Amino acid sequence: MTRVAAIDCGTNSVRLLIADISGERLTDVERRMEIVRLGQDVDRTGRLAPEALERTFGAMRGYAKLIREHAAPGGGPVGTPVGMPVRVVATSATRDAANRADFVSGVREIFGVEPEVVSGAEEAGLSFTGATRGLADATAAEGPYLVVDIGGGSTEFVVGTTGGTAGGTGTAEGAVRGAMSVDIGCVRLTERHLGSAGDPPSREAVQAAIADIEAAMDRVETAVPVRDARTLVGLAGSVTTVAGIALGLPAYDPALIHHSRVSAERVHEVSARLLRMTHEERAAIPVMHPGRVDVIGAGALILDRIVGRYGLPEVVVSEHDILDGIAWSLV
């Protein structure tokens, strides 16, 4: 058994997974998430805001404390000053930022490891591995899979047939057939179109967001065989929140959301409803995290356009994603 720590620093949230890995089994020790909005205004300014960096570093200091607490004897080789193998992966917002060196130095100070600002292709491969490893056994879902990871700054599209390799690169023969990351995400689209367009947003603002989504999917179709997919697998907070709403849950419950199936019709209903609601009405939804209230409309809209465009009857929702892929890569 090896105990590892994976940190995923995205545009909207920073997440931690401490896990024990033995053979083909990954067991959670800790799984945490904090909304830090690292990508605040990056689309407009091209820089990480000082206050966004401090929010992120504050969450990471708490994570480093947890890692030290769980670095038990026998948990694997000590690879870092915090007591176990650690990998920190940063994605869309950090890729885009002119001052990403400030982020890198802060992470190095907290964890004692160099963060990796991964490419969109590597992000897609990690997400695919995390989402599909064991998926067929648990759900009987048929491949090829279209894995869609809707983040804050970008969305990753990956088509493949298996769970890829433990290294998380998705390079196993027959695994990933095509992958692409595009700059549409719930934070980015909210800042571009929906955030200043009224409450709820105007029809014109929604149409402008749709145009961005459709243009991105046009680019995806030139590089990824999306129409070969038989099962759509949706990842990340926008998708899991839509699933929680569709299921009518009285509170957010990862165990009930993981591997749930939401029909295309229900995705459309929930998306349309969210875009008609005010901020106050969205905040009152039982499964809604406070940090997603202002961006969930854009995230749901992205999912709705993907489901509608590719004609798949449902989305299989996964709580396992890039974070799990990062953990697998450490063994």
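Refer to the structure presented above.
For the structure given in this document, a descriptive report is provided here. (Residues numbered from 1 in each chain as written. Predicted model: local features only at pLDDT ≥ 70, side-chain atom pairs only at ≥ 80, totals over all residues. Heavy atoms only, no water.)

We note that Arg 37 has phi near 50 degrees; this positive angle belongs to a residue other than glycine. With relative accessibility at 17%, the residue Arg 37 sits in the buried group. For Ala 236, which is not glycine, the phi torsion reads 85 degrees and is therefore positive. Examined against the element boundaries, Ala 236 turns out to sit in the loop between strand E9 (231-235) and helix H9 (237-246). (Buried < 20%, exposed > 50% of the residue type's maximum accessible area, 1.4 Å probe, protein only. Helix = DSSP H or I, 4+ residues; strand = E, 2+ residues; numbered from the N terminus.)

Counting buried positions along H9 yields 10 of 10 residues, so the element is predominantly enclosed. Within the sequence span of H9, burial applies to Gly 237, Ser 238, Val 239, Thr 240, Thr 241, Val 242, Ala 243, Gly 244, Ile 245 and Ala 246. A positive backbone phi angle near 70 degrees is found at Gly 248, which sits one or two residues after H9.

A few words on the pattern of salt bridges. Scanning the model with the defined rule gives 22 salt bridges in all. A salt bridge links Glu 114 to Arg 108; its shortest N-O distance comes to 2.8 Å. For Glu 114, a relative accessible area of 46% puts it in the partly exposed group. Among the ionic pairs, Glu 314 bridges to Arg 261, the shortest N-O distance being 2.7 Å. Separated by 53 residues along the polypeptide, Glu 314 in strand E11 (residues 314-318) and Arg 261 in strand E10 (residues 261-263) bring together distant segments of the chain. (Salt bridge = Lys/Arg side-chain N within 4 Å of Asp/Glu carboxyl O.)

Right, let's get into the side chain of Ser 271. The topology assignment puts Ser 271 in helix H11 (residues 264-276). Residues within four places of Ser 271 in sequence aside, it is in contact with Ala 300, Leu 301 and Asp 304. (Contact = heavy atoms within 4.5 Å.)

Most of strand E2 (residues 13-22) is tucked away, with nine of its 10 residues classed as buried. With 10 bridges connecting them, E2 and strand E3 (residues 25-35) associate as antiparallel partners. For Ala 19, the partnering residue across the bridge sits in E3 and is Asp 28. As consecutive antiparallel partners, E2 and E3 are separated by two residues, and within that stretch Gly 23 has a phi angle of approximately 60 degrees, a positive value. (Pairing = 2+ DSSP bridges.)

Time to look at the nonpolar core. Leu 146, Phe 157, Leu 232, Leu 274, Ile 306 and Tyr 310 are the most contacted members of the largest nonpolar core, which totals 54 residues. Those elements giving two or more residues to this core turn out to be strand E6 (145-150), strand E7 (155-160), helix H7 (186-194), helix H8 (203-221), H9, H11, helix H13 (296-310) and E11. When neighbours within four sequence positions are excluded, Leu 274 is seen to be in contact with Ile 245, Arg 282, Ile 285, Met 288, Ile 296 and Ala 300. Counting residues in each nonpolar core, the second largest holds 29 residues, with Ile 18, Leu 38, Ala 59 and Val 88 among its members. (Core = buried A, V, L, I, M, F, W, Y, C linked by side-chain atoms within 4.5 Å.)

Once that is clear, we can look at the environment of Asp 43. As for its placement among the helices and strands, Asp 43 is situated in helix H1 (residues 42-45). Sequence spacing of Asp 43 and Ser 318 is 275 residues, and the spatial spacing of their C-alpha atoms is 28 Å.

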